[in-house]
Amino acid sequence: MSKEGKSKETADTRGQKAIRHIVNNYAELEASIVSQLSFQSQHPGTSGGYREEVWKSMFEQLIPKKFSIARSVFIIDSAGWVSNEVDLAIYDEQYTPYIFRHGTLKYIPIEAVAVVVECKSQNPAPGALEDWLEGIRGLKTSQRSVARMNHDVIFGDDLTAFRTQTSTRPLRILCHTSESELKIPDGFDIIIHPKEKRLTVALTSALQHLEYWYNELNHNEEKYEDYRKAFVWYKTKDSGETSEEQAAEAQEKKKQYDLQNYRVLVNLDSKSEEKEEISLLSLTFQLNQILMLINNPMLFPHKAYVDMFNEKYAAK
């Protein structure tokens, strides 16, 4: 065998070993998270803050450093709408560096928030999850921003040109440790909970392809439906018409980039032919792919918040 062949074989072996180590590490990390959550469940006197810290630590290991995670906060918009308390908020502090404070209370503008997480241990009071979701749905982003871009000064509320963002909304995640069947209302995008020694991650929407997520998170309000974008999943032909071949190519590519196919399934037990999902690793790819579709939050609408403070404070 040539030197090049030996070198390639060694590199392949190293790569395989590294991949096995990474997968096993995520499996062990997942088991550790479940163990910590189980400790909280077995000791009812342990505060809810402990549970939230476990979930917070998990998300900190999944998302890029550009995002910050805050515990026990409220989300506010420039119309003065305030959410119920949010256990965990993942937000972009680089583009929207404002957190309004009242003592120890924190109010984060909706324009900065990428993910909201509700953490539950046991069955919540009837209607509690619905109320929480309603508080999140009521938040609206504002386009009244002014910023210098690379080619001009942009006014966010000038919709004469096509926009890749018109109204964003945060991803809604429920993390729970309830051992009984939890009655979960429609509205959560991802549900995460321990099952035996592993985590279960469920994507709730019937649609999971990237075109759906792009439009759902960047053009959320119905009044901006005309700005929703149909992805071109196939290579454009000179004729401008879509052939049967292109249509088939589009369907295949759409399926390929469906988040249900962003799952890591491996055979951890060499004695078994059944593959197991490394849910924590799957969630890493699924969550970060969604965040990349938002990429950066909407430009901050300073004047809209100035008007909100002036008008709401003066109102009786």
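A short tour of the structure in this document, coming up.

**As for the packing of helix H4 (residues 210-218) against helix H6 (residues 279-294)**
One can describe the packing of H4 onto H6 by two numbers: an axis separation of 9 Å at closest approach and a directional angle of 55°. Relative to H6, H4 is oriented oblique. For the crossing formed where H4 meets H6, the hand is right-handed. Contacts between H4 and H6 involve Leu-210, Trp-213, Tyr-214, Leu-217 and Asn-218 from the first element and Gln-289, Ile-290, Leu-293 and Ile-294 from the second. Tallied by class, residues from the contact of H4 with H6 come to 7 nonpolar, 2 polar and no charged.

**Digging into a nonpolar patch on the surface**
On the surface, Val-146, Val-153 and Phe-155 cluster together into a nonpolar patch covering about 280 Å² of accessible area. Structurally, Val-153 is set in strand E7 (residues 153-155). Given a relative accessible area of 43%, Val-153 falls into the partly exposed group.

**Some words on the pairing of strand E4 (residues 105-109)**
When strand E1 (residues 67-76) meets E4, the two strands line up parallel, connected through 3 bridges. Within E4, the position partnered with Ile-75 by the bridge is Ile-108. Linking two consecutive strands that pair antiparallel, namely strand E3 (residues 100-102) and E4, is a turn of 2 residues; a positive phi of about 65° is found at Gly-103 within it.

**So, the nonpolar core**
A general feature of soluble globular proteins is that nonpolar side chains tend to end up buried together. Grouped together as the largest cluster of nonpolar side chains are 47 residues, with contacts concentrated most on Trp-55, Met-58, Phe-59, Val-115, Ile-173 and Ile-192. In terms of residue count, the dominant contributor to this core is H6 (8 residues). Setting aside its immediate chain neighbours within four residues, Val-115 contacts Leu-88, Ala-89, Ile-90, Pro-170, Leu-171, Ile-173, Leu-287 and Leu-291. Of all hydrophobic cores here, the second largest spans 27 residues; its members include Val-73, Leu-129, Leu-174 and Leu-182.

**Let's talk about H6**
When the terminal C-alpha atoms of H6 are compared, their 23 Å separation across 16 residues agrees well with the 22 Å that a helix rising 1.5 Å per residue should span. Downstream of H6 by one or two residues, Asn-295 has phi in the positive range, about 65°.

**Here we look at the pattern of salt bridges**
Pairing between side chains of opposite charge can happen when the charged atoms of each approach one another. Within the structure shown, the criterion is met by 15 salt bridges. In this structure, Glu-118 engages Lys-120 in a salt bridge whose closest nitrogen and oxygen atoms are separated by 3.5 Å. Glu-118 gets classed as buried once you look at its relative accessible area, which sits at 6%. By relative accessible area, Lys-120 is classed as partly exposed at 22%. Sharing partners across several salt bridges, the network here consists of Arg-169, Asp-189, Glu-216 and Arg-228.

**Topic: the side chain of Asp-87**
Within the element layout of this structure, Asp-87 appears in strand E2 (residues 86-92). The buried charged residue Asp-87 lacks any salt bridge, with Arg-51 as its nearest oppositely charged partner at 5.3 Å. Setting aside its immediate chain neighbours within four residues, Asp-87 contacts Glu-52, Ala-70, Arg-71, Ser-72, Val-117, Glu-118 and Cys-119.

Parameters and conventions
Residues numbered from 1 in each chain as written. Predicted model: local features only at pLDDT ≥ 70, side-chain atom pairs only at ≥ 80, totals over all residues. Heavy atoms only, no water. Axes fitted to C-alpha atoms, helices over the stretch in contact; angles between N-to-C directions. Helix = DSSP H or I, 4+ residues; strand = E, 2+ residues; numbered from the N terminus. Parallel < 35°, antiparallel > 145°, perpendicular 65-115°, else oblique. Left-handed = near helix turned anticlockwise from the far one by under 90°. Contact = heavy atoms within 4.5 Å. Nonpolar A, V, L, I, M, F, W, Y, C, P; charged D, E, K, R; others polar. Patch = residues over 30% accessible without salt bridge, like charges linked within 9 Å, V, L, I, M, F, W, Y side chains within 5 Å. Areas by Shrake-Rupley, 256 points an atom, 1.4 Å probe, with all protein chains shown as cover. Salt bridge = Lys/Arg side-chain N within 4 Å of Asp/Glu carboxyl O. Buried < 20%, exposed > 50% of the residue type's maximum accessible area, 1.4 Å probe, protein only. Pairing = 2+ DSSP bridges. Core = buried A, V, L, I, M, F, W, Y, C linked by side-chain atoms within 4.5 Å. Expected span 1.5 Å × (residues − 1). Lys, Arg positive; Asp, Glu negative; His and termini not counted.

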